[in-house]
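Structural features, examined
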Amino acid sequence: MLSSCYSCNYFSNDGKQTKQKLDTIVDFTTVSQSPSFKNCEELLDDDKTNCFRNSIRKHFTEKLKETQFSSDAEISETVVLILRINNKGKVSLKEVESSNVIQEKLPDLLAVLNKIVSELPQLTPASKIGIPVTTEYQLPIKIKTTE
């Protein structure tokens, strides 16, 4: 006795190919093409990824240097930004991982970080097998203030 299993789609295929839309979050390290800024577009693989990382760090460093934080205590800590880059290349701040000290002593930090993220230029989104996908990127930032 010989049996075969087929998907229902096999029998109802009307000859039209359907394009599956991926709208899930993909690990940044497993994409075929990493997200990129315009100045990184022509680079290949690791160079393109490094250019993206350096460009985003430079953007945050320059913008944070323009901001004056004051605190009644000396702070030297690292916060981690979780950035979401959607399948259209729009960047948003998903989460900020920080200590209670940072949250208490620098209550304006979240607003400043959101503003900096909103000033990022449009990106070319990451892609997996040629399909634009949403990715998340973790960006550690050293926060250092003096009394």
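Structure: above.
Residues numbered from 1 in each chain as written. Predicted model: local features only at pLDDT ≥ 70, side-chain atom pairs only at ≥ 80, totals over all residues. Heavy atoms only, no water.

Taken as a whole, this structure holds two aromatic pairs when the rule is applied. Seen from their ring centres, Phe37 and Phe52 are 5.6 Å apart, and the 25° between their planes marks the pair as stacked. Of the two residues, Phe37 is situated in the loop between β1 (25-27) and α2 (45-65) and Phe52 in helix α2; the sequence distance between them amounts to 15 residues. Relative accessible area serves as the criterion here: at 0%, Phe52 is assigned to the buried category. Relative to Tyr137, the ring of Phe52 has its centre 5.2 Å away and its plane inclined at 75°; by these criteria the two rings are edge-to-face. Of this pair, Phe52 sits in helix α2 while Tyr137 is found in strand β5 (residues 131-145), placing the two residues 85 residues apart along the sequence. Members of the aromatic cluster, joined through ring pairs, are Phe37, Phe52 and Tyr137. (Phe/Tyr/Trp six-rings, centres within 6.5 Å; stacked < 30°, edge-to-face > 60°. Helix = DSSP H or I, 4+ residues; strand = E, 2+ residues; numbered from the N terminus. Buried < 20%, exposed > 50% of the residue type's maximum accessible area, 1.4 Å probe, protein only.)

Let us look at the pattern of salt bridges. All told, the structure shown has six salt bridges when counted by the stated rule. Ionic pairing is found between Asp72 and Lys105, a salt bridge with its closest N-O pair at 3.1 Å. Of this pair, Asp72 sits in the loop between α2 and β2 (75-85) while Lys105 sits in helix α3 (residues 100-105), and the two are 33 residues apart along the sequence. Since its relative accessible area comes to 24%, Lys105 is described here as partly exposed. With a shortest N-O distance of 3.1 Å, Glu136 and Lys94 are connected by a salt bridge. Of this pair, Glu136 sits in strand β5 while Lys94 sits in strand β3 (residues 91-97), and the two are 42 residues apart along the sequence. (Salt bridge = Lys/Arg side-chain N within 4 Å of Asp/Glu carboxyl O.)

On to the state of the cysteines. Applying the stated criterion across every chain yields a total of one disulfide. At a sulfur-sulfur separation of 2.0 Å, the disulfide partner of Cys40 is Cys51. Because the sign of the S-S torsion sets the handedness, a value of about -75° for the bond joining Cys40 and Cys51 places this disulfide among the left-handed ones. Remark: Cys51 occurs in helix α2 and Cys40 occurs in the loop between β1 and α2; sequence separation between them is 11 residues. Note on Cys40: relative accessible area 0%, which makes it buried. (Disulfide = S-S within 2.5 Å.)

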